[in-house]
Structures are given as structure tokens and as C-alpha cells.
Amino acid sequence: MNLRKILPTAILLLFSQTAVSHNSECLEPTNNEFNRPCIERLIPRSLAVNRTMLEPQASLFTDDSTGSMSAADRPLVAVLGASGRTGVYVLEELKSRDVDIRALSRNIETAKQKVDGDFEWVPADVTDPKSLLLAFEGVDILISTIGSTGGDNSEMIDYEGSINFVEAAKETGVSRIIYMSSIGAGGAENFSTVILNLVANKTMKWKSLGEDYIRNSGIDFTIVRPGGLRGEPGALGIRFEQGDEVIGWIPRGDVAAVMVESIFNDDASNKTFEVINDESLPIEAWKDEFINLKEGEFGKIATGDLPTTYWLTPLVILLAIIYLIRRRKKRA
Ligand SMILES: NC(=O)c1ccc[n+]([C@@H]2O[C@H](COP(=O)([O-])OP(=O)(O)OC[C@H]3O[C@@H](n4cnc5c(N)ncnc54)[C@H](OP(=O)(O)O)[C@@H]3O)[C@@H](O)[C@H]2O)c1
């Protein structure tokens, strides 16, 4: 074993994650946060989006007469990903509310066959901004439960797709976005986030950046981050958390219930939070928990880079081993 050859290779390998990572140039070294103008530069030119970043708007049900909807109106709610496994629960939840519903899908014929019920189906593809402008016409509230499927990748759907639907929402006057993300999008140093970024095309990084674009859109938002999706809806209590430090499970139906309730609860405005089942909580108690969530709390954006804690310790150990081996050799 030639130590002189191994050492530089090992160091190169450990640092390559940071060095070649997509946008490490946008990380502020002082606070390990993204630099916003820099992130904006990363937006693909072909998207030709309006890059203005507004302050979050007033909540949906205020008396603001300039808003596109007043409390007296029956809002039109559009659902991106309506044919998906969470989307169908969202449609069911919405049916029991006083709203008009527009279900969106890339392929409305297939979607109609998959989903029971008499919904207004409109074509929409988040990779096609023009389709979104048509689909969002007259829409007050947008719910997204989309996810990258098949050959699509997370960058295209979770990140560029979010940019596209936010920009279309701005243009068409959508006043509220309710977005289904995932636990880990705010847990840059969580083991699962790091692993997913390493092995699955930096999927959590793109979810993080997609979320961030929504948060900074100027449109009133609620971002719901579920844990692993499994189980029977309505069977257990639901725990809200912030800071992205929990792991757990939650059924898709429960996620849909939280997302739809968020429309009608002013305390859900401009908040990002994790949701998991917790059998120690009363089943309906979560409905009173929105008020305890904080605005501006979303954890740490997953950059896709290998966090320092993950490479520093192995590097120190490696150097110590090399030092000990060399010292032993010298003595021999
Ligand atoms: N699996 C988990 O444990 C887990 C945990 C936390 C969070 N999540 C996240 O939760 C979200 C929903 O998951 P799910 O399993 O309920 O979803 P799903 O059943 O995979 O459905 C995803 C939907 O996204 C839509 N979609 C895909 N590409 C699109 C595009 N380019 N434009 C418009 N719509 C598009 C599809 O609709 P059409 O085909 O009709 O267009 C599809 O119905 C995903 O983002 C996922 O990453 C998953």
C-alpha cells in the first residue's frame, strides 16, 4: 500500500462533495445559509421568470379588498397532483368544504379513469409554464401534492416545477399556496436527508430549494412536511413540529386533512412544519395547533453538500491512522 498515493486521493474524495456540488458558491460561510441573489442566479434562464421577491402578503381571509377573494366568496381551489395517492384524499376533503374544485393532471383522460367523482379536470404540467397559466385562471388557492415520478427527476419537478407554478400563480392572482413537501427538506444534517441527497439525485436539496422559492414568493403559503407516508387515515393523533428534527410516519389521508384545514385556518399562514402520527395525542387535537407554529421557522436548507460533521471526523481518524502507521514504519 502506497500511503503517499492514498492520502491525497482520500482527501480529494472527501472534499469533492463540497467542491463540485451544484451551488456551494451560494452558501454563506458565516451562517451556512443560502445567499438569495445567488440562488436566484441558479434559476435556469429558459424559465424566464420574474425574479422579484416580495414580502409575504396578508392572510387569505383578511378584509383586504384588493385581494382576489373575500370571505364571502366561494373560493376556487386547484389541486396539482390531484390524481396522485395524496391528491385523491385532498379532493375528498375539499368535497366536504364550501369551495369549488379544479383537479389538475398532465393527462386528464387517465386521471378521470383513476379518480372517482365529478371533478373539473384541467391539464397542467409543472414543466410547461403555459399550461399552468391556463390551468390557474380564476384560481384562488393552489394545493400541490405533486412528486417526481417515472423518468422525471426531482430538480425538474420539485425545484423548477415549483418556480414555474409560483410564477404562474403570481401572474394569475392566486392568493394562497398549500404545498406538500417532505420531512428532511429542512434537515440539512439529518442522516436520511444526507443519504437521499447522496444516492437519489440530491432529491432533498431540490425539495428544499422548491420550498424556499415558495416561501419567498410573496404569496401566502403553508408548507406541510410529512414523514413516511403509510397507515390508515384518522386513526391516530397528528403531531406538528418545526425545525425538521423529527422522524415518523403519517397516512396520506391525514396529510390531506392538514393541508385542506390549512386553507381555512389563518394561523396556518406563512408557516412551514412537519407532520407525523403520534398515538399519545387526541385524534382531532391537531386542529388547534396551528396557532403554536412560528413563521420563519423552517430548519436548515439541505444544500446537497456533505455536512462538515459527516466528513471531518472520518478525515481526522484517517489522518491519525496514517500518522500511526508511518510512525510505526519509521521505528521498525
Ligand atoms: N413516499 C413517502 O414516504 C413520502 C414522504 C414524504 C413526502 N413525500 C412526498 O409527497 C408527495 C406526494 O407523494 P404521493 O406518493 O402522494 O404522490 P404520487 O402518488 O406519486 O403522485 C404524484 C402526482 O404528481 C403529479 N405529477 C408528477 N409530475 C408532474 C408534472 N410534471 N406536472 C404536474 N403534475 C405532476 C402526478 O399527476 P399526473 O400523473 O396526473 O400528472 C401524480 O399524480 C411527493 O412530493 C413525495 O416526494 C413522500
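Remember, it's a predicted structure, so these values are computed and weren't measured experimentally.

A. Representation of the sheet that holds strand 3 (residues 76-80) in the model. The strand order across the open sheet formed by 8 strands is 5-4-3-6-7-8-12-10, and the pairing between neighbours is mixed. Both edges of this open sheet fall to strand 5 (120-123) and strand 10 (237-241), since each of them pairs with a single strand only. Averaged over all neighbouring strand pairs, the angle between strand axes comes to 25 degrees, with direction disregarded. Across the sheet, helix 3 (residues 87-95) lies against strand 3, strand 4 (100-105) and strand 6 (141-144), angled at about 165 degrees from strand 3, the strand it touches most. With respect to the sheet, helix 8 (residues 203-215) is in contact with strand 7 (176-180), strand 8 (220-226) and strand 12 (271-278), its orientation differing from that of strand 8 by roughly 155 degrees.

B. Quick look at the site of the ligand. Every one of the 28 residues lining the ligand counts as a neighbour, but Gly-84, Thr-86, Ser-105, Arg-106 and Gly-147 are closest to it. When residues of the shell around the ligand are traced back to their parent elements, those giving at least two are helix 6 (154-172) and strand 9 (228-229). When grouped by side-chain class, the residues that make up the shell around the ligand number 9 nonpolar, 14 polar and 5 charged.

C. Just the packing of helix 3 against helix 9 (residues 252-264), in detail. Their axes nearest at 8 Å, the elements helix 3 and helix 9 cross at an angle of 45 degrees. Taken as axis vectors, helix 3 and helix 9 run oblique relative to one another. Relative to helix 9, the crossing made by helix 3 is right-handed. Taken together, the residues of helix 9 that come into contact with helix 3 (itself represented by Tyr-89, Val-90, Glu-93 and Leu-94) are Arg-252, Gly-253, Ala-256, Ala-257, Met-259 and Val-260.

D. Representation of the packing of helix 7 (residues 191-199) against helix 8 in the model. Contact pair helix 7 / helix 8: the axes reach a minimum separation of 6 Å and the direction vectors enclose 110 degrees. With respect to each other, helix 7 and helix 8 are oriented roughly perpendicular. Contacts from Thr-193, Leu-196 and Asn-197 of helix 7 reach helix 8 at Thr-203, Met-204 and Lys-205. When its residues are assigned to classes, the contact of helix 7 with helix 8 shows 2 nonpolar, 3 polar and 1 charged.

What counts and what doesn't
- Residues numbered from 1 in each chain as written.
- Predicted model: local features only at pLDDT ≥ 70, side-chain atom pairs only at ≥ 80, totals over all residues.
- Pairing = 2+ DSSP bridges.
- Helix = DSSP H or I, 4+ residues; strand = E, 2+ residues; numbered from the N terminus.
- Axes fitted to C-alpha atoms, helices over the stretch in contact; angles between N-to-C directions.
- Contact = placed C-beta atoms within 7 Å.
- Near = placed C-beta within 6 Å.
- Nonpolar A, V, L, I, M, F, W, Y, C, P; charged D, E, K, R; others polar.
- Parallel < 35°, antiparallel > 145°, perpendicular 65-115°, else oblique.
- Left-handed = near helix turned anticlockwise from the far one by under 90°.

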